[in-house]
Amino acid sequence: MGNSTEGSSVGMDSPSTQGATSTAVKYESGRGLDVGTANLASAIQDGEGNVTIKIQRNAFIDIDGDQYTKNMLTKLNVQYVAINGKMVVVGDPAFELANILNRETRRPMKGGVISPSENDAMPIEKILLENLLSSPHSPNEKCYFSVPADPIDADFNVVYHKGVFSGILKKMGFEPKPLLEGHAVVFSELAEDDFTGIGISCGGGMFNICVSYKSIPALAFSTARGGDWIDRNVATVLGIKASRATAIKERGVNLLNPRNREEEAVEIYYRNLISYTLEAIKARFEASTGMPHFPEPIEIVCSGGTSMIGGFIEVFQDEFQAIKFPIPVKSIRRAEDPLFSVAKGCLVAALSDV
Amino acid sequence: MPETLDIQKVISTSTSNVSIDDLTRKGFKQVKVLNQALITKLIGEAVDRVLLDRSKAITRDERDKVIKEARTQFEDLAKQRLEKERSRIDELAAANGALKAELETLRKRLAATVEVQAARDQALARTAALETELSGRKAELDRLAAEAHRAREAEKALEALRARLEAVEAAASHREAEASRLRSELGESQRHAGLLEGQLAARTEELEKGRAAPASEAVMEKLLEKIGDKLGKAAQPADVSKIMLSLDGLSRRLASLGSGGAGGAGAGPDGELTAEFALGALFDTEKVEAVESNVSKVKVKETQATGVKGALARLKKLQQGGADGE
Ligand SMILES: Nc1ncnc2c1ncn2[C@@H]1O[C@H](COP(=O)(O)OP(=O)(O)O)[C@@H](O)[C@H]1O
């Protein structure tokens, strides 16, 4: 790999569409992109080392609309896309609309990867990415984007998904570089330990796990259970819509102290999800040959929206005590910016690749 | 009463008669003479007085005695009474203590009952949640079984198609001719999928003969990159989703085949060529459809995150082989 110390700086206007920054900001060459099931997030670093994150909900909803509606939506700061005459609202407002209309949003990557059966997904993803990244600051600027590892409990292949996003990024003028989501967490959170340890991205559609030794992934896999799985099960138990279950879960539950039946249901499924993940790591580690021997106890770092709930780490530690884990672990903690960890890890990879 | 005292007799028996001459000889010149009656009177008085005194003395003694007795009796009574009171106080205190202890036991019993009730409620809630989860799982299992069945059916259909194409391939000597024959044989939209299927099936066969997995994945990725590229241009071709579904199935099979294989030769230029050809055929005839959006006009959420300079420096150091510096 190259040994120049910093990425080349290119003078450009801020990629922000707000137009608030009138002074030209210099950005380092290299982008990080988190292609998540719930959120899309981009990361970029300026000459001073400040990291800016842009984030978009990876969801949309169909609406009926005419030219008047289009104008109104633009005035209200609501993003829409019209394809072949059909209209969809994208991003956060799609969630609000779903709640108002008592419908569920459409999630192009609900299951973990982009679905070939979701007809409108690809052009929408392309538009969302264009808005997050704008154009490259230099020809073939590297863009590291997160991809899920192969799932242990679902039947899909990541190759198609990787190909689609590589294609979109290339079309936009970037040099696309896929990076395992769990590996990205290692890059952003485990520098102090020389990138040795376990990174877990706790997302909406899946959990991505990466066991890394000196920055090299020794074991990486994903499970098809995440925040959405909790929402679905809580909804079934309580007889409510999944979007309502999401709202209950995100409104400030503390897993150590559920205040009512609904929060108790959230706690039960969180516990189940965490122990399922730990058992999976254990099983995979024990089944694989050629695993590195860790001379010292390692750290486990959790990132992603699903790790943000109160008491997550405590419950994780609790469930950890309950199983015989095959690797000595010194501590378990939450990432500094749980929602941006993957984007930042991709950025680190991009900036180091010069 | 004692016998009456005869004073005269006492005098006469206790006195002696002395002659005056004798008295004179002895030196007595004068003698006092006491009248016997007076003496009797005096003695009577004296006796009376003594008797009176004595009666008085007896009475006081007796009185004292009585008082003393009375006092003793009183003190006894008082003591008894006090004793009685004291034992009653002890009794009351003991009763009070017993009541307090009983109250405490009752209170504890109440607390325990409340706890048991709460634990029972919790257990019931958990049981209910778990039961629902179980039924959810069962339903999911059923659904998955149905899906698996459908997948098997689809797989069978695909197998049949593949067999047919292989037969066609074996018969033909020229690849171009084969492709055009296939194109004419299949319908307008099916034609593209079928062609691709044929090319990929050939690759699959090659792989089955023990060729490299990673290389095939590379071909697949290249292929899909191209698809993405084309799709970018072509927006939303009518049959693209059908083709994508078929592609996904193939890529899955290819990957599962590949994961079993060992290292070997890479993808030849021939493979890439055919892929390119097939993709060209797929997209060239599709018309570009309109996509309109205001996304670029709407501001997107923007936040500052903590920097990555430290992590970047460490990674570069590690990449240069100086990891264990400190
Ligand atoms: N404060 C919160 N408490 C609990 N869950 C949250 C919170 N915020 C977001 N989530 C959940 O996190 C998930 C999305 O996390 P994210 O890291 O963006 O996923 P992805 O990487 O799949 O896009 C969703 O299931 C969402 O409900």
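You'll find the structure just up there.
Residues numbered from 1 in each chain as written. Chains lettered and ligands numbered in written order. Predicted model: local features only at pLDDT ≥ 70, side-chain atom pairs only at ≥ 80, totals over all residues. Heavy atoms only, no water.

### Here we look at the overall build of chain B
Within chain B one finds nine helices and two strands. Listed by position from the N terminus, the elements making up chain B come as α-α-α-α-α-α-α-α-β-β-α. Looking at chain B as a whole, 23% of its 326 residues are labelled buried. Restricting to contacts in chain B with at least 6 residues of sequence separation, those with at least 24 account for 78%. Here chain B displays about 23,300 Å² of accessible surface, and carbon together with sulfur accounts for 57% of that area. (Helix = DSSP H or I, 4+ residues; strand = E, 2+ residues; numbered from the N terminus. Buried < 20%, exposed > 50% of the residue type's maximum accessible area, 1.4 Å probe, protein only. Contact = heavy atoms within 4.5 Å. Areas by Shrake-Rupley, 256 points an atom, 1.4 Å probe, with all protein chains shown as cover.)

### Details of a nonpolar patch on the surface
Residues and elements named next belong to chain B. Together, Phe28, Val31 and Val33 give the surface a local cluster of nonpolar side chains, amounting to about 320 Å² of exposed area. Secondary-structure assignment places Val33 in the loop between helix H2 (20-25) and helix H3 (36-171). Relative accessible area serves as the criterion here: at 72%, Val33 is assigned to the exposed category. (Patch = residues over 30% accessible without salt bridge, like charges linked within 9 Å, V, L, I, M, F, W, Y side chains within 5 Å. Salt bridge = Lys/Arg side-chain N within 4 Å of Asp/Glu carboxyl O.)

### Quick word on helix H6 (residues 227-238) of chain A
Residues and elements named next belong to chain A. Its twelve residues place the ends of H6 16 Å apart at the C-alpha level, agreeing with the 16 Å of an ideal helix rising 1.5 Å per residue. Counting buried residues in H6 gives ten out of twelve residues, a clear majority hidden from the surface. Of the residues making up H6, those classed as buried are Gly227, Asp228, Trp229, Ile230, Asp231, Asn233, Val234, Ala235, Val237 and Leu238. (Expected span 1.5 Å × (residues − 1).)

### Overview of the pairing of strand E11 (residues 197-202) of chain A
Each regular strand displays side chains that alternate between the two surfaces of the sheet. Residues and elements named next belong to chain A. Extensive coverage of E11 is indicated by the burial of six of its six residues. By the alternation rule, side chains of E11 split into Gly197, Gly199 and Ser201 and Ile198, Ile200 and Cys202, which are all buried. Adjacent in sequence and paired antiparallel, E11 and strand E12 (residues 207-213) are bridged by four residues. Two strands pair when backbone bridges link them, and E11 and strand E14 (residues 298-303) are joined in this way by four bridges, in the parallel orientation. Paired with Ile200 across the strands is Cys302, a residue of E14. (Pairing = 2+ DSSP bridges.)

### A look at unusual backbone geometry
Residues and elements named next belong to chain A. Unusually for a residue other than glycine, Asn77 sits at a positive phi of about 65°. Here Asn77 shows up in the loop between helix H1 (67-75) and strand E7 (80-83). Positive phi values are uncommon outside glycine, yet Asp194 reaches one of about 55°. Relative to the helices and strands, Asp194 resides in the loop between helix H5 (181-189) and E11. By relative accessible area, Asp194 is classed as buried at 11%.

### Focus: the sheet that holds strand E1 (residues 291-293) of chain B
The antiparallel open sheet is built from four strands, whose spatial order is E6(A)-E8(A)-E7(A)-E1(B). Looking along the sheet, the strands with just one partner apiece sit at the ends: strand E6 (60-63) of chain A together with E1 of chain B. Pairwise comparison of adjacent strand axes, ignoring direction, gives a mean angle of 25° for this sheet. Note: E6 of chain A against strand E8 (residues 86-90) of chain A, four bridges, orientation antiparallel. The residue bridging Phe60 of chain A from the neighbouring strand is Val90 of chain A, located in E8 of chain A. Against the sheet, helix H2 (residues 92-101) of chain A touches E6 and E8 of chain A, its axis set at about 105° to E8 of chain A. (Axes fitted to C-alpha atoms, helices over the stretch in contact; angles between N-to-C directions.)

### Topic: the packing of H5 of chain A against helix H10 (residues 341-352) of chain A
Residue and element names in this part refer to chain A. For the pair H5 and H10, the least separation of the axes is 7 Å and the interaxial angle reads 80°. The angle between the axes of H5 and H10 places the two elements in the roughly perpendicular class. In contact with Glu181, Ala184, Val185, Phe187, Ser188 and Glu189 of H5, H10 contributes Ser341, Val342, Lys344, Gly345, Cys346, Val348 and Ala349. The residue makeup of the contact of H5 with H10, split by class, is seven nonpolar, three polar and three charged. (Parallel < 35°, antiparallel > 145°, perpendicular 65-115°, else oblique. Nonpolar A, V, L, I, M, F, W, Y, C, P; charged D, E, K, R; others polar.)

### Comments concerning the nonpolar core
General note: in soluble globular proteins, nonpolar side chains tend to be found buried as a group. All names here are of chain A. Core analysis: the largest hydrophobic core is formed by 45 residues, its most contacted members being Ile198, Ile200, Phe312 and Phe316. Going through the elements one at a time, E11, E12, strand E13 (216-223), H6, helix H7 (242-250), helix H8 (261-287), E14 and helix H9 (312-322) are the ones with two or more residues in this core. Residue contacts for Ile198: discarding those within four places in its chain leaves Leu190, Ile209, Cys210, Val211, Ile298, Glu299, Ile300, Val301, Phe325 and Ile327. (Core = buried A, V, L, I, M, F, W, Y, C linked by side-chain atoms within 4.5 Å.)

### Some details on the side chain of Glu125 of chain A
All names here are of chain A. Among the structural elements, Glu125 can be located in helix H3 (residues 121-133). No salt bridge is formed by the buried Glu125; its nearest oppositely charged neighbour, Arg107, is found at 9.2 Å. Discounting residues that sit within four places of it in the chain, Glu125 has contacts with Leu40, Asn58, Pro108, Met109, Ile114, Phe165 and Ile168. (Lys, Arg positive; Asp, Glu negative; His and termini not counted.)

### Some details on the site of the ligand
Residue and element names in this part refer to chain A. Within the structure, the ligand sits among 18 residues, and Thr37, Ala38, Asn39, Lys249 and Glu250 are positioned closest to it. Between Glu250 and the ligand, the recorded distance is 2.5 Å, taken from a side-chain N or O atom to an oxygen atom. One of the backbone nitrogen or oxygen atoms of Gly305 is found 2.9 Å away from an oxygen atom of the ligand. In the complex, 89% of the free accessible area of the ligand, which totals 580 Å², lies under the protein chains. Put simply, the parts of the chain that give the shell around the ligand at least two residues each are H6 and H7. Per-element tally for the shell around the ligand: the top contributor is H7, with three residues. (Near = heavy atom within 4 Å. Polar contact = N/O pair within 3.5 Å; in protein donor to acceptor, adjacent residues only side chain to side chain.)

### A short note on the environment of Gly167 of chain A
Residues and elements named next belong to chain A. In this fold, Gly167 is placed in helix H4 (residues 158-171). Taking the relative accessible area as the measure of exposure, Gly167 reaches 0% and is therefore buried. Sequence-wise, Gly167 and Lys126 are 41 residues apart; in three dimensions their C-alpha atoms are separated by 9.7 Å.

### A few points about the packing of H7 of chain A against H8 of chain A
All names here are of chain A. Remark: H7 packs on H8, axes separated minimally by 10 Å, with the N-to-C direction vectors making an angle of 90°. Judged by the inter-axis angle, H7 sits roughly perpendicular to H8. Along its contact with H7, which presents Arg244, Ile248 and Lys249, the element H8 presents Glu262, Val266 and Tyr270. Of the residues assigned to the contact of H7 with H8, the class counts are three nonpolar, no polar and three charged.

### Concerning the state of the cysteines
Residues and elements named next belong to chain A. Enumeration over the complete set of coordinates arrives at zero disulfides over all chains. Residue Cys202 stays outside any disulfide, its sulfur separated by 4.7 Å from that of Cys302, the closest cysteine. Left unpaired, Cys346 is separated from the closest cysteine sulfur, that of Cys143, by 7.9 Å. Judged by relative accessible area, Cys346 falls into the buried class, the value being 0%. (Disulfide = S-S within 2.5 Å.)

### Observations concerning the packing of aromatic side chains
Residue and element names in this part refer to chain A. Considering all chains together, one arrives at six aromatic pairs over all chains under this definition. Ring geometry for Phe187 against Phe195: centres 5.9 Å apart, planes inclined by 70°, an arrangement best described as edge-to-face. Classification of Phe187 as buried rests on a relative accessible area of 7%. Between Phe320 and Phe325, the ring centres sit 5.0 Å apart and the planes meet at 50°, which makes this aromatic pair tilted. For Phe320, a relative accessible area of 13% corresponds to the buried category. Three or more aromatic residues joined by ring pairs form one cluster here, namely Tyr270, Phe312 and Phe316. Stacked on the ring of Phe95, the Lys or Arg Arg57 has its end atom at 4.0 Å from the ring centre. Positioned over the ring face of Tyr276 is Arg225, at 3.8 Å from the centre of the ring. (Phe/Tyr/Trp six-rings, centres within 6.5 Å; stacked < 30°, edge-to-face > 60°. Lys NZ or Arg CZ within 6 Å of the ring centre and 35° of its normal.)

The analysis is restricted to geometry; functional conclusions fall outside its scope.
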